[in-house]
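Structural characterization, general
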Amino acid sequence: MAFDIDRYTAGSEGVTWTDLDFDVFDEHPLPANTLRTLRYMCDIEYHTVCYLRDLLTTPSHKEPEVGAFMTMWNREEFWHGEALAAVLAKHGITVDFDQLKATRLKLGWKDRLDPIKQSLLGGLVGNDFVAVHMAWGAANEWSANAAYLRMAEKEGNPTLAELLKRIAKQETRHVAFYASQARDRLAKSKKAQVIARFALTRFWGPVGSGVMSDDEVTHVMNDLFAGPDGRKIVRDIDSHIAKLPGLEGITIVETALEARGIAA
């Protein structure tokens, strides 16, 4: 595989922002719609630990490279949340543990049952579950990377843009791992290809859609991907996913946008 897991784990570190001039937000605050999107991103980054919890009940945790990656991935995503929370704090928006806990409590039985559901699915599918997990993760990370870069370009604030590009750089490494693993594992198993295609086309949704309300998901999708430029980005994401073995022609991201009425 092209991804060097040893090099990645040795060099993994939290994203930094203390060298950036956040005081610029005092004179040039971000608009409300951008702050709303950043809050969504922040909450989802912090929620990564719950995704990790669920996946540790599946065959994925038995794979040494996957386990090593998920450990560093969770750590890096946590610091993405911290960085975004620091931006929000400069705008008087506090993101603390009690608020994050409240978001998770609103999920109710869904949150409690997710680890059990993942464990059962992993048991039924067997080791091919890892290939599906990697394909799903690749789709999510391609989407996240595109979202950060899109906001950096769209908003135009140099300080925010630099922070988001730093986050996107780490998301690019996440994409590299998931995609290389998915490509290799799917190529070895027709069964995994069939299951991955079925799972993605039937159950995949925009990152965070299982946690945040439909209104918030639609706001973020509209804020980042509405219009011709946004639609081009979305089609590029789908084209990357469609290059994975067995996923030819798949258009899950554009389908999700159209289902929410996001204008092209």
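Located above this text is the structure these notes cover.
Throughout what follows, the structure given in this document is the object of discussion. (Residues numbered from 1 in each chain as written. Predicted model: local features only at pLDDT ≥ 70, side-chain atom pairs only at ≥ 80, totals over all residues. Heavy atoms only, no water.)

When you go through the protein residue by residue, the secondary structure sums to 13 helices and zero strands. Going from the N terminus to the C terminus, the protein shows its helices and strands as α-α-α-α-α-α-α-α-α-α-α-α-α. By residue count, 52% of the 264 residues in the protein fall in the buried class. By sequence separation, contacts in the protein at least 24 residues apart represent 84% of the contacts at least 6 residues apart. (Helix = DSSP H or I, 4+ residues; strand = E, 2+ residues; numbered from the N terminus. Buried < 20%, exposed > 50% of the residue type's maximum accessible area, 1.4 Å probe, protein only. Contact = heavy atoms within 4.5 Å.)

Attention now goes to the packing of aromatic side chains. Within this structure, the stated rule accounts for 12 aromatic pairs. On the basis of an interplanar angle of 70° and a centroid distance of 6.2 Å, the ring pair of Phe177 and Tyr178 is categorised as edge-to-face. You can call Tyr178 buried: its relative accessible area is 2%. Judged by centre distance (5.8 Å) and plane angle (80°), the ring pair of Phe198 and Phe203 falls under edge-to-face. (Phe/Tyr/Trp six-rings, centres within 6.5 Å; stacked < 30°, edge-to-face > 60°.)

What follows concerns the packing of helix α3 (residues 32-46) against helix α9 (residues 158-187). Taken N-terminus to C-terminus, the directions of α3 and α9 make an angle of 30°; their axes are 14 Å apart at the nearest point. Classed by the angle they form, the pair α3 and α9 counts as roughly parallel. Considering how the two elements wind past one another, α3 and α9 form a crossing that is left-handed. Across the interface between the two elements, Thr34, Leu38 and Glu45 of α3 pack against Leu160, Leu164, Ile167 and Glu171 of α9. (Axes fitted to C-alpha atoms, helices over the stretch in contact; angles between N-to-C directions. Parallel < 35°, antiparallel > 145°, perpendicular 65-115°, else oblique. Left-handed = near helix turned anticlockwise from the far one by under 90°.)

Quick look at the side chain of Thr58 now. By the secondary structure assignment, Thr58 is in the loop between α4 (48-55) and α5 (64-89). On the accessibility criterion, Thr58 (2% relative accessible area) is buried. A distance of 2.7 Å separates a polar atom in the side chain of Thr58 from the backbone oxygen of Leu55. Ignoring anything within four residues of it in the chain, the contact list for Thr58 reads Gln118 and Phe129. (Polar contact = N/O pair within 3.5 Å; in protein donor to acceptor, adjacent residues only side chain to side chain.)

Next up on the list: the environment of Phe203. For Phe203, the location among the structural elements is in helix α10 (residues 190-203). By relative accessible area, which is 54% here, Phe203 ends up exposed. When sequence neighbours within four positions are dropped, the list of residues in contact with Phe203 reads Trp136 and Phe198.

Ranked by internal contacts, the top residues of the largest apolar core, which has 79 residues, are Leu38, Leu186, Ile241 and Leu247. Counting residues per element, this core draws most heavily on helix α8 (residues 128-155), at 14 residues. Setting aside residues no more than four positions away along its own chain, Leu186 makes contact with Ala131, Ala135, Ala192, Gln193, Ala196, Leu244, Pro245 and Leu247. (Core = buried A, V, L, I, M, F, W, Y, C linked by side-chain atoms within 4.5 Å.)

What follows covers helix α11 (residues 214-225). Over its 12 residues, α11 extends 16 Å from the first C-alpha to the last, a length consistent with the 16 Å expected when each residue adds 1.5 Å. Buried residues in α11 make contact with α3, α8, α12 (227-242) and α13 (252-259). (Expected span 1.5 Å × (residues − 1).)

We now examine the environment of Val15. Considering the arrangement of structural elements, one finds Val15 in the loop between α1 (5-11) and α2 (24-27). With 149 residues separating them in the primary sequence, Val15 and Leu164 have C-alpha atoms 10.0 Å apart. The residues touching Val15, leaving out its near neighbours within four places in the chain, are Trp79, His80, Ala83, Arg166, Ile167 and Gln170.

Attention now moves to the environment of Val87. Structurally, Val87 is set in helix α5. With relative accessibility at 1%, the residue Val87 sits in the buried group. Those residues within four positions of Val87 in sequence are excluded, and the remaining contacts are Phe22, Phe25, Leu30, Leu38, Leu160 and Leu163.

Another point: the pattern of salt bridges. Throughout the structure, instances matching the rule amount to 14 salt bridges. Residue Asp184 is joined to Lys188 by a salt bridge in which the shortest nitrogen-to-oxygen separation is 3.1 Å. Accessibility expressed as a relative area gives 25% for Asp184, which makes it partly exposed. The residue Arg235 makes a salt bridge to Glu254 at a minimum N-O spacing of 2.9 Å. Linking Arg235 in helix α12 with Glu254 in helix α13, this pair joins segments that are 19 residues apart in sequence. Judged by its relative accessible area of 47%, Arg235 is partly exposed. Linked through salt bridges whose partners overlap, the residues forming this network are Arg231, Arg235, Glu254 and Glu258. (Salt bridge = Lys/Arg side-chain N within 4 Å of Asp/Glu carboxyl O.)

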